[in-house]
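A look at the structure
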Amino acid sequence: MTPAIAITRIKLDTGFGRDLEQTWRRVQAGESAVCTTGEFDGAYISRMDSAVDLVSLVAAISENGLPADTGVVMGTNGAPEMAWLTGQPYSVLDDVAEAIGATGPRAVFGTGCIAGTNAICYAIDVLRTGRARAMLVIGLETLTVTTMATFRSWKAIDPAPSRPYQGSSGINLGEGIAVLLLEADPQDGVIAYVNGYGLSSDAFHVTSPPPNGEGLARAMTMALDDAGVCPEDVDYVNGHGTGTSANDTAELAAMRAVFGASAPPISSSKPQLGHTLGAAGVVETAITALAIRDQVLPPTASADPAETGEWDVVPQRARASRVDVAVMNSLAFGGANGVLVLGRHAGNRHSTTDRQVAKGGEVTVPDVGTATELIPRAYANRLDDLGKLAMAAGQSAWHAVGHTADDRPAADRTGLVFATASGPTRTIDELHATELRGELDRINPVTAPNIVCSVTAYYICQLLGIKGPLSAITSGVDSAAIADDYAHGLIRQRRADTVLVVCADEVGGARAYVLKEEPLCVS
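Summary of the structure given here.

When you line up the elements, Thr-111 lands in the loop between strand S5 (106-109) and helix H5 (115-128). Only 2.7 Å separates the side chain of Thr-111 from the side chain of Asn-118, close enough to count as a polar contact. The contact partners of Thr-111, leaving out residues within four places of it in the chain, are Asn-77, Asn-118, Ala-332, Ala-336, Ser-454, Leu-470, Ser-471 and Ala-472.

In structure tokens:
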């Protein structure tokens, strides 16, 4: 039987500071760290008070000791850009692991705004399969000029404090670091159990989910099934709640599809902490775990009680309530969805499943010129060099095993794992060159999303109709090996029947192949 997985320690650094309990009290009181500071043309944002010091935060969570086989996993969108700026790709994860003597698995996920959630899902799999006794999960995001300018190019920034679920015109961005310790079968110190997860892809639009929330609803259903609970067992949903019309509409539609007319309360902490992007899944899992610990519903602080309509969004202040089972939703550009189910008690333990995995259709694409000749012309002006290489390789591997638009595996049982060592360097180059020229207001909203690695993965999902688990791995030179291991695990644990693995870098070309439970017949 698989072990119970629990969150046993939490550390946070947000616009409210680094004191966890003080942050939690301020969240419950409905206070907000989002304000206008004069930066970024007066945008409403949440900034951390202190300089980023991840190693000391991890040291603090580790001060009572950790098993030697502890692993470290991070969710962030900033890894490729930081590597580009510093010339030291992904060294922060190694610094963290070495500082605490952790010898277990290491990985960085860059799956857009579900990156942190994706990291937690990976940690759950590692712990369930016995590859480590503990996993440190880190969510990290800081605000940069290029991030703000990119969001402005999509007209996604709210010029005022955002109001999720009540018709605000955009998001307020925020910085944040969250560190969780997840342990398998802990003897004490449990804050909340993490009993299940679901991952899916919309394959719908690069920056907007389908209005009916179909992809998120599938991820929610998968997570509930994984946790062994029914929709009527859920007491609270920590929503993605960005404040954009497209995201809020889709999320509430997914809620309606999963829960019907008896939906539990749903709230968003983004009006208080800002949207912390790649860190959001870990930050908001921490908030959800504390809600379970203290049996309280955190608020949507900006909500007007007179405008809540059919939804209980816990307006303005927290309230006491039973929270035995809670759901945490994440959505990302590129149509990636991630959902966690947390509980006051350990969930039903499933027997470990293992299936034989076959590999087929491996192809390589040596350079961008070759890639451009292989991809559909409609994508040529939307993709950067990394995207062209990835799409060309993915499409070629897909066709090499005989899959076509009319003959392909079930979309929702097919996953995509994308891996890159250096990320979208040309797009990063162009954004920084635009900044130096003082022309950030001229950023191209069509190509700017390519800085997010989940967007590269999205285009492949859209082309091939892939709607199962979607993950982007940005772990430097280890990315391809991590992706291969992770994709095998998705099939062995029956989260997908088929997984397309795509590894690409602008220097070095791209490689792709298909994994499947059954032997593959290569055409």
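The subject of this paragraph is the sheet that holds strand S7 (residues 173-174). Ordered in space as S2-S3-S7, the three strands form an open sheet in which the pairing is mixed. Each of the sheet's edge strands pairs with one partner strand only, and the pair in question is strand S2 (35-36) and S7. Relative to S7, strand S3 (residues 44-46) is paired through two bridges, and the arrangement is parallel. The partner of Ile-45 across the bridge, within S7, is Leu-173.

Axis separation between helix H7 (residues 214-227) and helix H8 (residues 245-259) bottoms out at 8 Å; the angle between their running directions is 45°. With respect to each other, H7 and H8 are oriented oblique. Note that H7 runs across H8; the crossing there is right-handed. Contacts from Leu-216, Ala-217, Met-220, Thr-221 and Leu-224 in H7 reach Glu-251, Ala-254, Met-255, Ala-257, Val-258 and Phe-259 in H8.

Moving on, we come to the nonpolar core. Judged by nonpolar contacts, the single largest core of 127 residues is most densely connected at Ile-10 and Leu-182. The residues contacting Leu-182, other than those within four sequence positions of it, are Ile-5, Ala-6, Ile-7, Ile-120, Ala-123, Ile-124, Leu-127, Arg-133, Ala-134, Met-135 and Val-137. Counting residues in hydrophobic clusters, the runner-up holds 25 residues, among them Leu-252, Phe-259, Val-313 and Val-325.

As a further point, take helix H2 (residues 54-61). Within the sequence span of H2, burial applies to Leu-54, Leu-57, Val-58 and Ile-61. All buried residues of H2 project into a common sector of 95° when viewed along the axis, lining one side.

The next thing to look at is the state of the cysteines. For the structure on display, the rule yields zero disulfides. In this structure Cys-113 is a free cysteine whose sulfur lies 13 Å from that of Cys-453, the closest cysteine sulfur available.

Bringing a nonpolar patch on the surface into the picture now. Residues Met-82, Trp-84 and Leu-85 make up a contiguous nonpolar surface patch of roughly 290 Å² in combined accessible area. Here Met-82 is to be found in helix H3 (residues 79-86). Look at Met-82 and you get partly exposed, because its relative accessible area is 46%.

Attention now goes to helix H15 (residues 479-492). The α-helix advances 3.6 residues per turn, and as a result positions three or four apart in sequence lie on the same side. In this model H15 runs 20 Å from its N-terminal to its C-terminal C-alpha over 14 residues, within 8% of the 20 Å that 1.5 Å per residue would give. Every buried residue of H15 is listed here: Ser-479, Ile-482, Ala-483, Tyr-486, Ala-487, His-488, Gly-489, Leu-490 and Ile-491. Positive phi appears at Arg-494, one or two residues downstream of H15, with a value of about 65°.

Calculation criteria
- Residues numbered from 1 in each chain as written.
- Predicted model: local features only at pLDDT ≥ 70, side-chain atom pairs only at ≥ 80, totals over all residues.
- Heavy atoms only, no water.
- Helix = DSSP H or I, 4+ residues; strand = E, 2+ residues; numbered from the N terminus.
- Polar contact = N/O pair within 3.5 Å; in protein donor to acceptor, adjacent residues only side chain to side chain.
- Contact = heavy atoms within 4.5 Å.
- Pairing = 2+ DSSP bridges.
- Axes fitted to C-alpha atoms, helices over the stretch in contact; angles between N-to-C directions.
- Parallel < 35°, antiparallel > 145°, perpendicular 65-115°, else oblique.
- Left-handed = near helix turned anticlockwise from the far one by under 90°.
- Core = buried A, V, L, I, M, F, W, Y, C linked by side-chain atoms within 4.5 Å.
- Buried < 20%, exposed > 50% of the residue type's maximum accessible area, 1.4 Å probe, protein only.
- Arc of directions from axis to C-beta.
- Disulfide = S-S within 2.5 Å.
- Patch = residues over 30% accessible without salt bridge, like charges linked within 9 Å, V, L, I, M, F, W, Y side chains within 5 Å.
- Areas by Shrake-Rupley, 256 points an atom, 1.4 Å probe, with all protein chains shown as cover.
- Salt bridge = Lys/Arg side-chain N within 4 Å of Asp/Glu carboxyl O.
- Expected span 1.5 Å × (residues − 1).

No statement about biological role is implied by the geometric values presented.
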